[in-house]
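Topology and contacts: notes
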Amino acid sequence: MLIHGKWLLLALLVVGMACQRSVEVKGRKLSLDGPWQFRFDPQDRGLAEAWYSGAAGGTWRTLSVPGTYNVQVPESLWYQGKAWYRRKFRVPANWPTGGRFLLRFNGVALRSRVWVNGKQVGEHPFAYTGFELDVTDAVQRSADNLLAVQVDNKILDRAIPDKKWHGWWDYGGIFRSVALEWRPDTYVANLWMDTRMLKSGWEFTPTAVLRQHGTDSVDVSLSWVLRDSEGNRVWEKQQGVRLGAGETTVSVRDALNQVKSWSPEHPTLYNLVLRIRDELGNEDSLTIRTGFRQIETRGSKIYLNGEPVVFRGISRHEDHPEYGSALPPELHRHDLEEIKALGCNFIRLAHYPQDPYVYDLADSLGLMVWSEIPAWQTSVDVLGDKEVLEKWAKPQLAEMINQMRHHPSVMVWSVGNEFDSSSPKAAWYVSQTIDFVHQLDPTRLATFASDRHRPGKPKDICWPYADFIAINEYYGWYYGTIHDVGPMLDAVHKRLPDKPIVVSEFGAGAAPGKHNPNPPESGKDYSEEYQVKFLMTHMDQIFAPERQDFMSGAIIWVYADFADPHRVGGPHPKEWSYVNLKGLVTRERKHKPSFKAVQQRFHELAKSGGKNLR
Ligand code: GCU
């Protein structure tokens, strides 16, 4: 469809490296997962001694990548500092000549610097988003190449996360997959499709980021094809574009009547393929799985595809005693399938972007996703610092959004968790970041999780900037009783009657096998009975019919127990030191009685459209 007689060509600045895990890349891919040499560097000598070069001596052990060194080397569970990885790789002889070599890391925690053949080729200061480095000039085609990575999991004072962070284990390492890719000089670096409901059918805007490494402009033909899950072509467009050097964003806009929408109940997916061909006949393509969906607020309710939606959610960490944060695909799949079987239609990836495969699973299983940057209880002095906003907040938001926006399941971008949102500095941070998120992606909701809701305590002054209010509450665990939830929700609604409310965390610890036949109404009881009583009582109030006009759901804290560095002492059971016990399953994924209780309640709520009819 022509827009005003010419193609809608948007040359937007694409912030952040597009590091998208597509369904299919036409180029070539060499996995670099497997055994790497490894060495701790507690005295931080590696740089001065050039451990990134082949000449470096010293004793290296072998660790497998992806991996979390705090778990792979048990005596280093608490290690925080530098460490080094090295391995060799050879470019496959049958790879095409010319083109670009891209090193793609899906996750290195917390910060990393990368060398190829002794030449530094890049660095990445964020743990939970991927990154790609163009290493074409450093790679030798007909010899072994030495790849070295310096990793650092020391927590920084003024960053995101900052030194107040202690919400989950500070795992270090190359904890997600690594690969070398070959792409032609002109290639599709990113691809997504925004969708909007029309009176009948859907408007959709396939968008791509193209990279051109020549010096002059190049004429490129673009072929866009949309296929349904059976492979039938439902839409196509051809266009010609002249590309200058660097990055160009190209969009086309069209409308279709006969497509099926994506929803948790019917997660209908389509394949969008973009093929490009330059004047020399070089070709590249990128394929993504996408869907037709629209998330929005209308007054005090959240709507999905034009209908009010009620979240039945749960949060999930990437954590396991055997793998640390380097979960294998089969465990990601296990967790997401269990969460779907629990009766959830929503998952909060707390408190950081997770492996790209997790988002793929949410797309196909039908789980709406809340994706968040790790501003976990970050000091407001840090959040209120413009340098931190530009160096840590916006780049992580941009990377998360650019890498995950092609997933139809993503509905919410969150700018953080439980920072002091009663503070003007936090209000500045929230207004700046939510504006930034809306500019980058106006098709999703933006918010943060607040714990400033307790009567008589300083009030949350950031809620007005959020698309909906998200409340982390623990009435009957850390404070108050299990019956205080309803009155609190009513008070917040009274204060902001036109904002939807979601309870973004509520949960109680249960030590497996600990029993109390008469569970209390408050306090850290740690019995399995109290965990059930706590969750059921909270849901009675959250999903009460009289609150349905302003409540849009609840997200339980948390799917599985996880390693938690401040979970020790006081009433915390000694045998479970450093394990957060609020899971519905143990770290080994063994169900607690609460799993079945929640499953029953969520399935009832699914039938009743989110109203608690008990
Ligand atoms: C907070 C926080 C979680 C934490 C939870 C708890 O709300 O967001 O990361 O684990 O409380 O106390 O267990």
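Residues numbered from 1 in each chain as written. Predicted model: local features only at pLDDT ≥ 70, side-chain atom pairs only at ≥ 80, totals over all residues. Heavy atoms only, no water.

1. Quick look at the site of the ligand
Definition in use: Definition of nearness: a residue and a molecule or strand are near each other if at least one heavy atom of the residue lies within 4 Å of the molecule or strand. Any pair of N or O atoms that falls within 3.5 Å is considered a polar contact. Within protein, one atom must be able to donate a hydrogen and the other to accept it, and sequence-neighbouring residues count only if both atoms are side-chain atoms. Values of accessible area rely on a 1.4 Å probe in the Shrake-Rupley scheme; residue burial ignores everything except the protein chains shown. Ten residues, namely Ala, Val, Leu, Ile, Met, Phe, Trp, Tyr, Cys and Pro, are considered nonpolar, four, namely Asp, Glu, Lys and Arg, are considered charged, and the remaining ones, Gly among them, are considered polar.
Close to the ligand lie 13 residues; His351, Glu418, Tyr478, Glu505 and Lys582 are nearest. Note that an oxygen atom of the ligand is positioned 2.9 Å from one of the side-chain N or O atoms of Asn417. In isolation the ligand exposes 320 Å². Once the protein is present, 96% of that is buried. Split into classes, the residues belonging to the shell around the ligand amount to 5 nonpolar, 4 polar and 4 charged.

2. Describing unusual backbone geometry
We apply this condition: Secondary structure elements follow DSSP: runs of H or I no shorter than four residues count as helices, runs of E no shorter than two count as strands, and numbering proceeds from the N terminus. For the exposure calls, accessible area comes from a 1.4 Å probe over protein chains only, and a residue counts as buried if that area is under 20% of its type's maximum, exposed if over 50%, partly exposed in between.
Following Val65, the chain continues into Pro66 via a peptide bond in cis, with omega recorded as 0°. The residue Pro66 is located in the loop between strand 4 (61-65) and helix 1 (69-72) in this model. The residue after Ala109, namely Leu110, is reached through a cis peptide bond having omega 0°. Of note in this structure, Tyr526 is not a glycine but carries a positive phi near 60°. The topology assignment puts Tyr526 in the loop between strand 31 (501-505) and helix 8 (528-542). We classify Tyr526 as buried; its relative accessible area is 6%.

3. Notes on the domain arrangement of the chain
Our working definition: Domain delimitation in this document rests on an assignment produced automatically or drawn from a domain database. When checking whether two residues touch, look at their non-hydrogen atoms; a contact exists if any pair is within 4.5 Å. Defined here as a combined quantity, buried area equals the accessible surface (1.4 Å probe) lost by two parts on assembly, summed across both. For this analysis, a salt bridge means a side-chain nitrogen from Lys or Arg found within 4 Å of a carboxyl oxygen belonging to Asp or Glu.
When the domains of the chain are assigned, the result is domain 1 (2-10 + 185-290), domain 2 (28-183) and domain 3 (295-608). Each of domain 1 and domain 2 was reduced to a C-alpha centroid, and the two centroids are 33 Å apart. At the interface, 8 residues of domain 1 touch 6 residues of domain 2. Here domain 1 meets domain 2 over a buried area of about 560 Å², counting both sides, of which 39% is carbon and sulfur. Among the residues domain 1 hides against domain 2, the three largest losses belong to Asp185, Tyr187 and His213. Together they make up 70% of the total. Close ionic contact of Arg211 with Glu132 constitutes a salt bridge, the shortest N to O distance being 2.5 Å. The interface formed by domain 1 and domain 2 holds 4 residue pairs in polar contact (both at pLDDT 80 or more) in total. The dominant element in the side of domain 1 that touches domain 2, judged by the number of residues it contributes, is strand 21 (residues 283-290), at 3 residues.

4. Regarding the environment of Val220
Among the structural elements, Val220 can be located in strand 16 (residues 218-228). Val220 sits in the buried class, given a relative accessible area of 4%. When near neighbours in sequence (up to four residues on either side) are disregarded, Val220 contacts Thr186, Gln239, Gly240, Val241, Leu243, Ile276, Arg277 and Asp278.

5. Topic: the sheet that holds strand 22 (residues 295-298)
Inclusion rule: What makes two strands pair is DSSP finding at least two bridges between them.
Strand order in the open sheet formed by 3 strands is 22-23-24, with antiparallel pairing between adjacent strands. Strand pairing shows two members of the sheet lacking a second neighbour, strand 22 and strand 24 (307-308), which therefore form its edges.

6. Brief notes about the pattern of salt bridges
Considering all chains together, one arrives at 39 salt bridges under this definition. With a closest N to O distance of 3.1 Å, Glu203 and Arg196 form a salt bridge. The buried category is assigned to Glu203, whose relative accessible area is 18%. The exposure class of Arg196 is partly exposed, given its relative accessible area of 41%. Between Asp219 and Arg242 there is a salt bridge; the shortest N-O distance is 2.7 Å. Taken as a pair, Asp219 in strand 16 and Arg242 in strand 17 (residues 233-243) lie far apart in primary sequence, 23 residues in all. We classify Asp219 as partly exposed; its relative accessible area is 32%.

7. A look at the sheet that holds strand 2 (residues 28-31)
What holds strands together in a sheet is hydrogen bonding between their backbones, with the strands either parallel or antiparallel. Note the threshold: Orientation is described by lines fitted to C-alpha atoms, with helices fitted over the stretch in contact, and by angles between N-to-C directions that extend from 0 to 180 degrees.
Across the sheet, 4 strands lie side by side as 2-13-6-10; this open sheet has antiparallel pairing. Lying at the two open borders of the sheet, with one neighbouring strand each, are strand 2 and strand 10 (131-134). The average undirected angle you get between the axes of adjacent strands in this sheet is 25°.

8. Describing the pairing of strand 6 (residues 100-105)
Burial analysis of strand 6 places 6 of its 6 residues in the buried class, which makes it a mostly covered element. Residues Arg100, Leu102 and Arg104 of strand 6 are buried on one face, and the alternating residues Phe101, Leu103 and Phe105, pointing to the opposite face, are buried as well. Here strand 6 runs beside strand 13 (residues 178-183); their pairing, made up of 6 bridges, is antiparallel. Along strand 13, the bridge assignment pairs Phe105 with Val178. Bridge analysis of strand 6 against strand 10 gives 4 bridges, and the strand direction is antiparallel. Bridge pairing in strand 10 places Leu102 opposite Asp134.

9. Section: the packing of helix 7 (residues 485-495) against helix 8
Heads up, the condition is: Note: crossing handedness is left-handed where the near helix turns anticlockwise from the far helix by less than a right angle, and right-handed where it turns clockwise.
Two numbers describe how helix 7 lies on helix 8: the axes approach to 8 Å, and their chain directions differ by 35°. Where helix 7 crosses over helix 8, the two elements pack in a sense that is right-handed. On helix 8, the residues touching Val485, Gly486, Pro487 and Leu489 of helix 7 are His538, Gln541 and Ile542. The residue makeup of the contact of helix 7 with helix 8, split by class, is 4 nonpolar, 3 polar and no charged.

10. Structural notes on the nonpolar core
Inclusion rule: Think of a nonpolar core as a cluster: buried Ala, Val, Leu, Ile, Met, Phe, Trp, Tyr and Cys residues, connected wherever their side-chain atoms sit within 4.5 Å.
By size, the foremost hydrophobic cluster in this structure holds 105 residues, and its most contacted members are Tyr429, Leu489, Phe506, Ile542, Ile556 and Val598. The element that contributes the greatest number of residues to this core is helix 5 (residues 386-404), accounting for 9 residues. Three or more residues apiece are contributed to this core by two domains, here domain 2 (28-183) and domain 3 (295-608). With 33 residues, the next largest nonpolar core counts Phe38, Val139, Leu147 and Trp182 among its residues.

11. Overview of empty space enclosed by the protein
Counted only if it meets this: The distinction between a cavity and a pocket rests on a 1 Å grid over the protein atoms alone: a 1.4 Å probe fits inside a cavity but cannot get out, while a pocket stays open yet meets protein on both sides within 12 Å along at least five of seven lines, and a residue with an atom within 4 Å of a point counts as lining. Grid points are joined across faces, edges and corners, and a volume is the space filled by probe spheres set on the points.
Applying the stated criterion across every chain, the model contains 5 cavities of 30 Å³ or more. Size it by volume and the largest cavity reaches roughly 110 Å³. Classifying every residue of the lining of the largest cavity by side-chain character gives 13 nonpolar, 1 polar and 2 charged. Counting residues domain by domain, the lining of the largest cavity receives three or more from each of domain 2 (28-183) and domain 3 (295-608). By volume, the second largest cavity is sized at about 60 Å³. What lines the second largest cavity is Met193, Asp194, Thr195, Thr290, Gly291, Arg293, Arg405, His406, His407, Pro408, Thr443 and Arg444. Here the lining of the second largest cavity is composed, by residue class, of 2 nonpolar, 6 polar and 4 charged. The residues that make up the lining of the second largest cavity include at least three from each of domain 1 (2-10 + 185-290) and domain 3 (295-608).

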